[in-house]
Amino acid sequence: MNKKVLIVEDEEDVAQAMCDRIESWGLETAVAATGRAGLEMLDQIHPDIVLLDIRLPDRNGLDVLRDIRQRSADLPIFVVTASHGSDIEPRAREAGANEYILKPYHPGELRRKIFKAIGLGTTDSAESEQSPGTHPG
Amino acid sequence: MNRERTEGTGFIRRPPVSATCCGRAKPMGDSARRLGLRPSMVCLMLCLAAVADATEDQVASTFSLEARNLQEYSFEKMFRTPVPYLMYESSDGIMWFAVEDDVVRCDGWTWLPLDGGRMQLGIGHVRKIVETRGPTLWFLTNAGLVCQRDGKVYRLRQNDGLPVADVRAVVEDRNGQLWAASGKGIAAISFDGGDGTPSVRRIEQIPFLEPEVNRALAAPDGSVWFMALRRSTDSAVIFRHKSGVWWPFAYQSGTPEDLPEGCLHDMAVDPEGNLLVTSCRSLYRCRNMRWECIGAFPGQEPARNQSRREPDHRDQNKILVSDDGSIWVYGLAQSGPAMTASLFRFSREGKETEYPEVGSWGSAASLMRGPNASVLAVTEQGVWQSAASGWRRWEIGKDTDHTALRQVLMASNGALWLLTQRGLFRYAMDTEPPQLTPKGDWPTHLHEATASFAVEAKDRWGTSDRVVLEVSLDGQGVVSQAADAPILLKRLSPGNHFLQVGAVDAGGNRQVLPAHPFRVSLPLWQRGDLLAILLISLLFVGAPSIAYASYKHRRLKQSLAALQSANVRLQQADRLKSDFVANVSHEFRTPLTAIMGFVDNLLDGIGGSVTEKQVRSLERVKANAERLGHLINDLLDLRRIESGRLELHCSQIKLHEVATGIIATLAPRAEERSIQISLGAGADCPMVWADRNRIAQVYTNIIGNALRFTPQGGRILVEVKTDGNGWVYSAVSDTGQGIPPEEQKRIFDRFYQVAGVMTGKTKGAGLGLAICKELVELHDGTMGVESKPGEGSTFFFRLPTVESSRT
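Parameters at a glance
- Residues numbered from 1 in each chain as written.
- Chains lettered and ligands numbered in written order.
- Predicted model: local features only at pLDDT ≥ 70, side-chain atom pairs only at ≥ 80, totals over all residues.
- Helix = DSSP H or I, 4+ residues; strand = E, 2+ residues; numbered from the N terminus.
- Buried ≥ 20, exposed ≤ 12 C-beta atoms within 10 Å, placed from the backbone.
- Contact = placed C-beta atoms within 7 Å.
- Pairing = 2+ DSSP bridges.
- Axes fitted to C-alpha atoms, helices over the stretch in contact; angles between N-to-C directions.
- Nonpolar A, V, L, I, M, F, W, Y, C, P; charged D, E, K, R; others polar.
- Parallel < 35°, antiparallel > 145°, perpendicular 65-115°, else oblique.
- Left-handed = near helix turned anticlockwise from the far one by under 90°.
- pLDDT = per-residue confidence, 0-100.
- Core = buried A, V, L, I, M, F, W, Y, C linked by C-beta atoms within 7 Å.
- Expected span 1.5 Å × (residues − 1).
- Bend = angle between axes of the 7 residues up to and from the residue.
- Right-handed = clockwise from strand over helix to strand, strands pointing away.

### Notes on the overall build of chain A
Move 1: When helices and strands are tallied, chain A shows 5 helices and 5 strands.
Move 2: When the helices and strands of chain A are listed from N to C terminus, the series reads β-α-β-α-β-α-β-α-β-α.
Move 3: When the 137 residues of chain A are sorted by exposure, 41% land in the buried category.
Move 4: Taking all contacts inside chain A whose residues are at least 6 apart in sequence as the whole, residues at least 24 apart take part in 56%.

Here you go:
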């Protein structure tokens, strides 16, 4: 059975692009547009990993993060955000985030981190990816 | 306490009056004229003889009244009644006249009977008029007691509680208790009978006698003395009431043996407050509750039953205490078969003087206090005034029959009222101004700030206590003062002054002295004006300085407050700007994420294969989207640097390592264009204390720039060096076209782009170098550029080593 990725993202296009990319890796995806929907789907589909946006229409993503972490201590949770504030990463990690990924995400970096988190190897990757830490700056 | 006027001849002298009540004489005359009374123009020769000119005669001199304003008030015309038989002036200046069966009051303007004009009050014969506080007037009549208070008239008769109708005395003690004494007892009166009506509160039961009181007197110590006849023994007694206790003095031990019962005539209080009593032949004083005889005079003890017939001993051995403390006793003495008048004076020194001349002045005399501590003897023949060396007679009314005098009254307004058996006359003494002369030499040059000017001021009566001085200095503000005190000027300022003094008598007549000029010169230390000038000068210098300093201080505080407030607003605006930039960059990135996500997906063949041409187009889309992402990041970085919110996460790093990583990253791009990137030695350079990501950002920028501006096949050299003096240098050199010198200065400015030399496939936003410089400087380093057009450029920066940055 394929690993399931829950994407909590209110921007439909962003979510669609991510879904397309992640499904191309052979994973299943589910999208929740709000924090509350994300928590509901968490119980329904029991994902293997959660990609969580910080700015959500109904709740602060960090609060959602804490709720998820409360239900499952081991579930990998990635914060994927377009907010580059210097104080957000420490707060996200404090709330229980395993990774902190900035938008626009780099597909290779995303794949490597997800696969590492859900315990899949990266050897099957045929994609040419740049090394991490080269985020354009 | 209370003053009374008994029927018959006599005088009442009013206390000195203030200037405010001096204007009453003239309205009185006007009122009389309105009533159609024609003044009897009596021309009297006046000669005011000095005391020094006294002759050896019994009447040493005469004192004549030039009564140009003599007026006669005809009760026959006004009220169709006979002449009044008693007059009285109450303390509020109103004249009261007892006439026939009524009382008429005159306030100077109008004459008004108590019953409103019918003249049928029916009060009977008024024996006495007594005034108590209020003022309340008591008319003691043979039909009862009539009280006038607050314009209302009350009557107390025998069936109203009085022991008998014939009240002999009304007296008010120090506590305000009213006593009415009659032949049958003593009644306490109070005004509690509803609507303030007087009523008899109780009848005093005198425990030891059945008194037939005929006189009462309130002493200053609060006691009330009663003189009475004891009916059981037909003898006169005297007793005292004080604090609710009755004291029968006739039975006290120490009573002089020669105080004959049944022969007490009059009583009075001396200036020390002791009671004085006259008997037929002696004057007694009660001091410390002990009686002593202080004077004797020849008299005739009346028959024992005489006292009963004449219980009030009218005009017998009456006592008068004059203003100089002398005790005068006036009475009748047996002279052969007839009774003749006698007059004795006992001075305070105990000297006794007899005035036999009084015997020739006619009968029915009485005594009253006159001006200047003198005594006036009023008889039917005229008025005699005591003087230091004799008596002088007042010449009154040669053309009018002013003999048969009943009463003389000097009113408070200076008028002289004469009540004779023929009529009522009034001398308005308002024709002659008072005498006013300077006493001694008045100084014209003073050397101190205080001066005293004595004057002698007398009215036509020769008295000064009815005269008020009006003093004005330099024509400013009139001050009134008594005439017998010298004029005292205080706190005179230096310079020239003039003093104006006037005297006003009781009738309102004024005498003015010529203005007296004088000069005051003061020693320096008394010159208050100089001190004031000094103080004012100090004030003028000091106050503006203080005011200016205070003003400056205030302005400074205002400016500070304004600056602080502006600073707060700026901080708020700055935070809003940062938030705005952060929000905007987030909003930009979100669509950018979608674009790049889909472009990457297409390029990676997700969703189907694309042609080579499509791939090239998609790469252009991707490159521009990345550029947009860089621009957003740069803007955010700049904003963070600007607002001081860029946090550096420093650690010990080696520049050589960072440069290696970046070169590796950018190598594919260099290879595309056959550009050789080489990294020089420097791995052994000291470490620097810096934010690895930020330094990587700097390298990415300047190496990326070098790639962009270096033509195909060019070279890029990255070097890391140390000067061994606390700095690590790094330089990136290229073989591009170089930068013109005039542009080198501006190349670190924001949004600056070197024109027309772009060789790379993507443009920068012109923010990269500006951010690099800021980042390096945030690490306490410096950054610069060297370039020669046509030969290439070298961008370099230096950072402090760990050691030097720790010091």
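### Structural notes on the sheet that holds strand S24 (residues 290-296) of chain B
Residue and element names in this part refer to chain B.
Move 1: Ordered by their spatial adjacency, 4 strands build an open sheet running S21-S22-S23-S24, and the pairing between neighbours is antiparallel. Edge positions in the sheet fall to strand S21 (264-269) and S24, since each of these pairs with one other strand and no more. Going across the sheet, the axis of each strand differs from the next one's by a mean of 25°, ignoring polarity.
Move 2: As paired elements, strand S23 (residues 282-287) and S24 share 6 bridges and run antiparallel to each other. Looking across to S24, one finds that Tyr 284 is bridged to Cys 293.

### Digging into the interface of chain B and chain A
The extent of an interface is frequently quoted as the accessible surface area lost upon association of the parts.
Move 1: Each side of the interface is counted separately: chain B has 25 residues, and chain A has 22 residues.
Move 2: For the side of chain B that touches chain A, the element with the highest residue contribution is helix H4 (residues 528-603) of chain B, accounting for 13 residues.
Move 3: Per-class residue counts for the side of chain B that touches chain A are 7 nonpolar, 13 polar and 5 charged.

### Digging into the packing of helix H6 (residues 655-672) of chain B against helix H7 (residues 692-709) of chain B
Residues and elements named next belong to chain B.
Move 1: The geometry of H6 relative to H7 is characterised by a closest axis approach of 9 Å and an angle of 40° between their N-to-C directions. The orientation of H6 with respect to H7, classified from their angle, is oblique. Helix-helix and strand crossings are classified by hand; for H6 and H7 the assignment is right-handed. For the pair H6 and H7, the contacting residues are Leu 655, Val 658, Ala 659, Gly 661, Ile 662, Ile 663, Leu 666, Arg 669 and Ala 670 in the first and Arg 692, Ile 695, Ala 696, Tyr 699, Thr 700, Ile 703, Gly 704 and Leu 707 in the second.
Move 2: Its residues assigned to classes, the contact of H6 with H7 comprises 12 nonpolar, 3 polar and 2 charged.

### Focus: unusual backbone geometry
The bulk of non-glycine residues show a negative phi, and the bulk of peptide bonds are trans.
Move 1: A:Lys103 connects to A:Pro104 through a cis peptide bond whose omega is -5°.
Move 2: Relative to the helices and strands, A:Pro104 resides in the loop between strand S5 (99-102) and helix H5 (107-117).
Move 3: Backbone geometry places B:Arg491, a non-glycine residue, at a positive phi of 50°.
Move 4: Relative to the assigned elements, B:Arg491 resides in the loop between strand S41 (487-489) and strand S42 (495-504).
Move 5: Accessibility expressed as a C-beta count within 10 Å gives 7 for B:Arg491, which makes it exposed.

### Thoughts on the sheet that holds strand S4 (residues 77-81) of chain A
All names here are of chain A.
Move 1: On the basis of which strands lie adjacent, the open sheet formed by 5 strands has the order S2-S1-S3-S4-S5 and parallel pairing. Strands with a single pairing partner mark the edges of an open sheet, and in this sheet they are strand S2 (28-32) and S5. If you compare each strand with its neighbour and ignore which way they point, the axes differ by 20° on average.
Move 2: Where strand S1 (residues 4-8) and S2 come together, 5 bridges link them in parallel fashion. From the neighbouring strand, Ile 7 faces S2, where its bridge partner is Val 31.
Move 3: Across the sheet, helix H2 (residues 35-45) touches S1 and S2, and the angle it forms with S1 is around 165°.

### Structural notes on the environment of B:Glu448
Move 1: Here B:Glu448 lies in the loop between strand S37 (445-446) and strand S38 (451-458).
Move 2: The spacing of B:Glu448 and B:Ser493 is 45 residues in sequence and 9.2 Å in space, taken between C-alpha atoms.

### What about the confidence of the model for chain A?
Move 1: Residues at a pLDDT of 70 or more form 86% of chain A, whose mean pLDDT is 84.
Move 2: Scored below 50 in pLDDT, residues 123-137 of chain A makes 17 contacts in the model with residues more than four places away or belonging to other chains.

### Notes on the nonpolar core
One broad rule of soluble globular proteins: the nonpolar side chains tend to lie buried together.
Residue and element names in this part refer to chain B.
Move 1: Counting residues in each nonpolar core, the largest one holds 94 residues, and the members touching the most others are Ala 180, Ala 216 and Phe 226.
Move 2: If you tally residues by element for this core, the top one is strand S18 (residues 224-230), at 6 residues.
Move 3: Among residues more than four places away in sequence, those in contact with Ala 216 are Ala 169, Val 171, Trp 179, Ala 181, Val 224, Trp 225 and Phe 226.

### Quick look at the confidence of the model for chain B
All names here are of chain B.
Move 1: Residues with a pLDDT of 70 or more make up 79% of chain B, whose mean pLDDT is 77.
Move 2: Low pLDDT (under 50) marks residues 302-314, which in the prediction has 16 contacts with non-local residues, meaning those over four places away or in another chain.
Move 3: The complex model carries a pTM of 0.45, and its ipTM stands at 0.84.

### As for H6(B)
Residue pairs spaced three or four apart in an α-helix point in one direction, given the helix's 3.6 residues per turn.
Residues and elements named next belong to chain B.
Move 1: Under the 1.5 Å per step criterion, the end-to-end length of H6 is 26 Å for 18 residues, consistent within 8% with the ideal 26 Å.
Move 2: Roughly 45° is the biggest bend found in H6, and it falls at Leu 666, with proline Pro 668 one to four residues downstream.
Move 3: Among all positions in H6, only Leu 655, His 656, Val 658, Ala 659, Ile 662 and Leu 666 are buried.
Move 4: Of the surrounding elements, those touching the buried residues of H6 are strand S45 (650-653), strand S46 (676-679), strand S47 (688-691), H7, strand S48 (715-722) and strand S49 (727-734).
Move 5: Residue Ser 674 follows H6 closely and has a positive phi angle near 60°.

### Digging into the environment of B:Arg694
Move 1: Tracing the backbone shows B:Arg694 in helix H7.
Move 2: Spatially, the C-alpha atoms of B:Arg694 and B:Ile771 are 9.9 Å apart, while their sequence positions differ by 77 residues.

### Observations concerning the pairing of strand S3 (residues 49-52) of chain A
Residues and elements named next belong to chain A.
Move 1: Alternating positions in S3 separate into two faces, Ile 49 and Leu 51 on one and Val 50 and Leu 52 on the other, with burial throughout.
Move 2: Bridging between S1 and S3 involves 4 bridges; their strand directions are parallel. Bridge assignment links Val 8 to a residue of S3, and that residue is Leu 52.
Move 3: Bridging between S3 and S4 involves 3 bridges; their strand directions are parallel. Residue pairing across strands places Leu 51 opposite Phe 78, the latter belonging to S4.
Move 4: Read as a crossover between parallel neighbours, the route from S3 over helix H3 (residues 61-71) to S4 is right-handed.

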